[in-house]
Amino acid sequence: MTSTTSLSSRRRWVGLACAALCAAAAAPAAWAQAYPNKPVKLVVPYPPGGPTDIVARAVAQKLQERLGQPFVIDNKPGAGANLGAEAVARSEPDGYTLVVATTAHAINPSLFPKLNYSLTKDFAPVSQLTAGPLVIVANPALPANNVAELIALAKSKSGGLNYGSSGNGQSTHLSAELFNAMAGVKMAHVPYKGSAPALTDVMGGQIDLMFDTMLSSMPHVKGGKLKALGVTSAQRSPVAPELPTVAESGLPGYEAIAWNGLLAPAGTPKEVVAKLNAELKTALESADLRQRFEAQGFSAAWSSPADYGRFLQAEVDKWAKVVKTSGAKID
């Protein structure tokens, strides 16, 4: 009798243990299926109105439509885009706090002497979002109408020229430093907290020029408030095919591309990352979003989490070489 009771107890214990294991295995999938069940915060480490903010709001709208929960934009500029990234790196890894990363986040590890986060260790890559060239824009009064004239002016002008950027370590900063190094000029860097205020000062004549994304600059070029001198991609942009590349204008081999991507804190459930990635794929393949980005010089650029992770590491390595070669420093 005792043996039968003991066997029955063991069977019951094994059954309960199996049930618990099955429930634990099913829990992440069930939790991810319910995600999101409350608003999601999308941190933009730049001020409103700049290219990253524009991309983030367009993507957030699509995700909100598809997932049925608000994707709330939280602009958190400062410290070369590090402030917003650091805040997300320290957030709860539950999929409800995300950050829109940029080329700057791949540049910063080699430019800043100390960061309070690691791009490759403290985040879970979700997907790349966009990619596109920068365009050199200047105040219409600047006596240079192409890249060759800009180089000649920078070499001849007493005191040199100055250029604005969306902040230390941004692609708008390092692309100009790469230009300085390759052209043999020394334009002075004036960092801003985002593209919007920098462009305002270029238009107002407080600074001479800027290397900026086409997304935020081209509307002002079309409106006559800025003039464009060239694009930083290897090939001409279909948005403005009349603009020559920097490479074909006297600096062969020059190329600088800006991109945006989505990151979650490290430890975010893989099922949640996969769900966000799948929704982004659908969103970025939609005709209206593609047309919206392409009209401003960006291309939608979905990637798998694994591919985006490899891309981030390659970007970190690439820009480390540019920082070393150009001698770029934080102003």
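The paragraphs below set out a description of the structure included in this document.

Cut-offs applied
Residues numbered from 1 in each chain as written. Predicted model: local features only at pLDDT ≥ 70, side-chain atom pairs only at ≥ 80, totals over all residues. Heavy atoms only, no water. Helix = DSSP H or I, 4+ residues; strand = E, 2+ residues; numbered from the N terminus. Buried < 20%, exposed > 50% of the residue type's maximum accessible area, 1.4 Å probe, protein only. Contact = heavy atoms within 4.5 Å. Areas by Shrake-Rupley, 256 points an atom, 1.4 Å probe, with all protein chains shown as cover. Lys, Arg positive; Asp, Glu negative; His and termini not counted. Charge placed at Lys NZ, Arg CZ, Asp CG, Glu CD. 1 Å grid on protein atoms, 1.4 Å probe; cavity = no way out; pocket = protein on both sides within 12 Å on 5 of 7 lines; lining within 4 Å. Points joined across faces, edges and corners; volume = space filled by probe spheres on them. Nonpolar A, V, L, I, M, F, W, Y, C, P; charged D, E, K, R; others polar. Axes fitted to C-alpha atoms, helices over the stretch in contact; angles between N-to-C directions. Parallel < 35°, antiparallel > 145°, perpendicular 65-115°, else oblique. Left-handed = near helix turned anticlockwise from the far one by under 90°. Right-handed = clockwise from strand over helix to strand, strands pointing away. Pairing = 2+ DSSP bridges. Core = buried A, V, L, I, M, F, W, Y, C linked by side-chain atoms within 4.5 Å.

1. Things to note about the overall build of the chain
Stage number 1. Looking only at helices and strands, one finds 11 helices and 10 strands in the chain.
Stage number 2. Expressed along its principal axes, the backbone C-alpha trace of the chain runs to roughly 105 × 40 × 30 Å.
Stage number 3. Relative to its 331 residues, the chain shows a buried fraction of 51%.
Stage number 4. Taking as baseline every contact in the chain between residues at least 6 positions apart, the subset at least 24 positions apart corresponds to 78%.
Stage number 5. Summed over its atoms, the accessible surface of the chain is roughly 14,400 Å², and 56% of this surface lies on carbon and sulfur atoms.
Stage number 6. Where the 30 positive side-chain charges of the chain centre and where its 24 negative ones centre are 7 Å apart.

2. Remarks on empty space enclosed by the protein
Stage number 1. Counted by the stated rule, this structure contains one cavity of 30 Å³ or more.
Stage number 2. Computed from the structure, the largest cavity encloses a volume of approximately 160 Å³.
Stage number 3. Along the walls of the largest cavity sit 18 residues, with Pro 51, Thr 52, Thr 102, Ser 166 and Ser 171 positioned nearest its centre.
Stage number 4. Secondary-structure elements contributing two or more residues to the lining of the largest cavity are α2 (51–67), α4 (103–111), α6 (171–183) and β9 (257–265).
Stage number 5. Per-element tally for the lining of the largest cavity: the top contributor is β9, with three residues.
Stage number 6. Residue classes in the lining of the largest cavity are distributed as six nonpolar, 12 polar and no charged.

3. Things to note about the environment of Val 316
Stage number 1. You can see Val 316 is positioned in helix α11 (residues 305–326).
Stage number 2. Given a relative accessible area of 15%, Val 316 falls into the buried group.
Stage number 3. The spacing of Val 316 and Ser 165 is 151 residues in sequence and 20 Å in space, taken between C-alpha atoms.
Stage number 4. Contacts of Val 316, omitting those with residues within four sequence positions, involve Ala 106 and Leu 119.

4. Brief notes about the packing of α6 against α11
Stage number 1. It is at 9 Å that the axes of α6 and α11 come closest, and there the two elements cross at 45 degrees. With respect to α11, the axis of α6 lies oblique. In this structure, α6 meets α11 at a crossing whose hand is left-handed. Across the interface between the two elements, Leu 174, Glu 177, Leu 178 and Ala 181 from α6 touch Trp 319, Val 322, Val 323 and Ser 326 from α11.

5. Here's the deal with the pairing of strand β1 (residues 40–44)
Stage number 1. β1 sits mainly inside the fold: four of its five residues count as buried.
Stage number 2. As for the winding sense of the linkage, the β-α-β connection from β1 through α2 to strand β2 (residues 71–75) is right-handed.
Stage number 3. Relative to strand β3 (residues 97–102), β1 is paired through three bridges, and the arrangement is parallel. Among the inter-strand pairings, Val 43 is bridged to a residue of β3, identified as Val 99.

6. Let's talk about unusual backbone geometry
Stage number 1. Residue Tyr 35 is joined to Pro 36 through a cis peptide bond whose omega torsion reads -5 degrees.
Stage number 2. Along the chain, Pro 36 turns up in the loop between α1 (2–34) and β1.
Stage number 3. A positive phi angle is found at Ala 79, which is not glycine, with a value near 55 degrees.
Stage number 4. Tracing the backbone through its elements, the reader meets Ala 79 in the loop between β2 and α3 (82–89).
Stage number 5. Positive phi outside glycine occurs at Ala 81, with the angle close to 75 degrees.

7. Describing the packing of helix α7 (residues 195–204) against helix α8 (residues 214–222)
Stage number 1. Two elements in contact, α7 and α8, have axes separated by 11 Å at closest approach and are oriented at 25 degrees. Put simply, α7 runs roughly parallel to α8. In the packing of α7 onto α8, the handedness of the crossing is right-handed. For the pair formed by α7 and α8, the contact residues are Ser 195, Leu 199 and Met 203 on the first element and Ser 216, Ser 217 and His 220 on the second.
Stage number 2. Tallied by class, residues from the contact of α7 with α8 come to two nonpolar, four polar and no charged.

8. Notes on the nonpolar core
Stage number 1. Counting residues in each nonpolar core, the largest one holds 84 residues, and the members touching the most others are Phe 179 and Leu 209.
Stage number 2. Look past the residues within four positions of Phe 179 in its chain and what remains in contact with it is Ile 136, Val 147, Leu 150, Ile 151, Gly 184, Val 185, Met 187, Phe 211, Val 246, Leu 251 and Tyr 254.
Stage number 3. Core analysis: the next-biggest nonpolar cluster, separate from the first, contains 16 residues, Leu 199, Ile 207, Met 218 and Ala 240 among them.

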